[in-house]
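In case you want the letters, here they are:
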Amino acid sequence: MRFTNSALIYTGFYLFVNLTFLSCTKAVEESLNDINAGGSTTIFTEFSNSFQQPAANLDKEGLDDHRSGDLLFESIFVTSPSPQNSGLGPIFVQNACVSCHPKNGRAAFPESGSDMGGLLARISLPGSGIHGENISVPGFGTQLQTKANFGVIPEGQLSYFNEFIEGLMADGSSYTLRRPVFKIFNTYLPFPSEVQMSVRIGPPIFGLGLLESISEEELLKRVDPDDKNKDGISGRLNYVYDDRVGKMAIGRFGWKASQPSIYNQTAHAFLEDMGLSSPYLPQDPSYGQVQQDSKADDPEVTDDVVRLATFYAQSLGVPAPRRQNLPDVIYGKKLFAYIGCEKCHTSKMQTGPNSDHPFLANQSIQPYTDLLLHDMGPGLADHRSDGLANGNEWRTPPLWGIGLTQVVGGHTNFLHDGRARNLEEAIMWHDGEGRSSKDGYAKLSKKDKEKLLLFLNSL
């Protein structure tokens, strides 16, 4: 029998994989039996509301605050004056938290151009401010406001068209990747040509309190900006200016880790997504623009409202992984580690002390993220910096609960702008520091690919 060089390489890799996995580490084997992904916060559900359950270890006071935050998260805000949920706009992206985080999960990629749903566009001019912050676009700010109250003009509209990229796996099977190309149009003022744009989609919000409780020391263990261990991975932390406390801090939240705390993230979402000012951020997005709100109702939400909405995100339970003892799931997890996914999607982390929220303290968790920035290559690049994150870098997204995306949200759209239509497409978009893992996946047999995806869908 004669083989080409490529066939020999592929066959050798396949045999090597199957033989090597028989000797995977004991630590990986033991982790298969640990189904408490969120430590003591873990909840055991598999239904359409799996992302909406409170942490299993909340006390009565915590449950009361959680339910109050839940009501806020579900609320639809309206224009002033109104006896309830007042202050929307005058320009905004959506009018409720759930519009970008349906059932607390990831938003679907919009199939219609009439409403972008959970998609939004961050915008800025080239360069950065004295604290590394983005430079605001005159007349537009740092986020495009695509909706407006009656009688007010939105800043502009967002649309897209799809390009498709064809490719072949090592076994000859084909794949197709979707790449949305976004544009801003119909702006209320002339739009500067040099504006940098980054389109983001609403991510899941459960487990955030645990990620916030991971200590700086724990995160620093994984930082390797110069790739001193020569494994091809050079993750680094984003440091951003926390204008609430007036100092630099580790960025943990958002697609580029641009927010240092859930409180900051929540307050900015109230302001930038819904036009709701708060004591922390007292000026509407329209401030200084021709359509500026002249109503004397700022701040429009109280600090207690921001606090309760923050606590709601902090106190959501993490769904337990499922079917972890199935042989194909066990094998799929070994494949996940073998091709290097574990290097960034770190399975095991530890939270530190948390005097404000003891239920989050000292928990052994399995988030499948290192919270670090990684260069993901030119295909996923947005060419816009965010703090220390450059245009090629993205924070590793957590994978816990990813297998429930279809059950909860009715779709399987992934990555920062929802371009991936399934998990395989998400893997095949990896490049840069993720290139080795993508290539490893592409070289697997069809059956082994199915087992790796089965493992991911068990999380």
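Described below are features of the structure shown in this document. Fair warning: this is a prediction, and the values are worked out from it, not measured in the lab.

Here is what the cut-offs are and how they apply
Note that residues are indexed from 1 along each chain, following the sequence as it is written. Two thresholds apply to this predicted model, a pLDDT of at least 70 for residue-level local features and 80 or more for giving and counting side-chain atom pairs, whereas whole-chain, interface and lining totals are computed over all residues. Hydrogens and waters are ignored; side-chain quantities use all the structure's heavy atoms. Helical segments are the DSSP runs of H or I of at least four residues, strand segments are the runs of E of at least two, and each set is numbered from the N terminus. Exposure classes here rest on a 1.4 Å probe applied to the protein chains alone. A residue is buried below 20% of its type maximum, exposed above 50%, and partly exposed in between. To be clear on the numbers: accessible area is Shrake-Rupley with a 1.4 Å probe, and residue cover counts the displayed protein chains and nothing else. A residue counts as positive if it is Lys or Arg and as negative if it is Asp or Glu; His and the chain ends are not included. Where a charge sits is defined by one atom per residue type, namely NZ (Lys), CZ (Arg), CG (Asp) or CD (Glu). Stacked, edge-to-face and tilted are the three classes for Phe, Tyr and Trp ring pairs, Trp counted by its six-membered ring, which pair at centre distances within 6.5 Å; planes under 30 degrees apart are stacked, over 60 edge-to-face, the rest tilted. Here, residues are in contact when the closest pair of their heavy atoms is within 4.5 Å. Under the rule applied, a polar contact is a pair of N or O atoms within 3.5 Å (in protein, one hydrogen donor and one hydrogen acceptor; residues adjacent in sequence only if both atoms are side-chain atoms). Note on geometry: axes are C-alpha line fits, over the in-contact stretch for helices, and angles between N-to-C directions span 0 to 180 degrees. What sets the label is the angle itself: under 35 degrees gives roughly parallel, over 145 gives roughly antiparallel, 65 to 115 gives roughly perpendicular, and the rest give oblique. Two helices that cross are described as forming a left-handed crossing if the nearer one is turned anticlockwise from the farther one by less than a right angle, and a right-handed crossing if clockwise. Residues are sorted three ways: Asp, Glu, Lys and Arg are charged, Ala, Val, Leu, Ile, Met, Phe, Trp, Tyr, Cys and Pro are nonpolar, and all the rest, Gly among them, are polar. Two strands pair under a simple rule: DSSP has to find at least two bridges between them.

When you go through the chain residue by residue, the secondary structure sums to 12 helices and 13 strands. Oriented by its inertia axes, the alpha-carbon framework of the chain measures out at about 80 × 55 × 40 Å. By the burial criterion, 53% of the 459 residues in the chain qualify as buried. Just so you have it, the chain exposes about 20200 Å², and 55% of that area is on carbon and sulfur atoms. In the chain, which carries 40 positive and 53 negative side-chain charges, the distance between the mean positions of the two groups comes to 8 Å.

Think of a pair of aromatic rings as described by two things: how far the centres are apart, and how the planes are tilted against each other in angle. Within this structure, the stated rule accounts for 13 aromatic pairs. Seen in terms of ring centroids, phenylalanine 140 and tyrosine 188 are 5.3 Å apart; in terms of plane orientation they differ by 65°. Their pairing is edge-to-face. On the criterion of sequence distance, the pair formed by phenylalanine 140 in the loop between β3 (134–135) and β4 (147–148) and tyrosine 188 in the loop between β6 (174–185) and β7 (196–201) is long-range, its members being 48 residues apart. The class of tyrosine 188 is buried, set by a relative accessible area of 17%.

Position of asparagine 104 among the secondary structure elements: in the loop between β1 (91–92) and β2 (119–128). For asparagine 104, a relative accessible area of 0% translates into the label buried. Between the C-alpha atom of asparagine 104 and that of proline 204, which follows or precedes it by 100 residues, the distance is 5.5 Å. Beyond its immediate chain neighbours, meaning those up to four positions away, asparagine 104 contacts Phe51, Gln52, Phe73, Pro204, Ile205, Phe206, Tyr312 and Leu316. Of note is the side chain of asparagine 104, whose polar atom sits 2.8 Å from the side chain of tyrosine 312.

Here helix α6 (residues 262–274) crosses helix α7 (residues 303–314) at 120°, and the two axes come no closer than 9 Å. When the axes of α6 and α7 are compared, the pair comes out oblique. Regarding α6 and α7, the two cross each other, and that crossing is right-handed. Between α6 and α7, the contacting residues are Ile262, Tyr263, Thr266, Ala267 and Phe270 on the first element and Asp303, Val305, Val306, Arg307, Ala309, Thr310, Ala313 and Gln314 on the second. Among the residues forming the contact of α6 with α7, the class breakdown is eight nonpolar, three polar and two charged.

Before going further, it helps to examine the sheet that holds β3. With antiparallel pairing, three strands are arranged side by side in an open sheet as β3-β2-β7. Strands with a single pairing partner mark the edges of an open sheet, and in this sheet they are β3 and β7. As defined by bridge partners, β2 adjoins β7 across six bridges and the pair is classed as antiparallel. What sits directly across from serine 124, in β7, is glutamine 196.

The next point concerns the side chain of glutamine 259. With respect to the helices and strands, the residue glutamine 259 is situated in the loop between β9 (247–251) and α6. Under the relative-accessibility criterion, glutamine 259 is labelled buried at 13%. Aside from chain neighbours lying at most four places away, what touches glutamine 259 is Val240, Ile250, Gly251, Arg252, Phe253, Asn264, Gln265 and His268.

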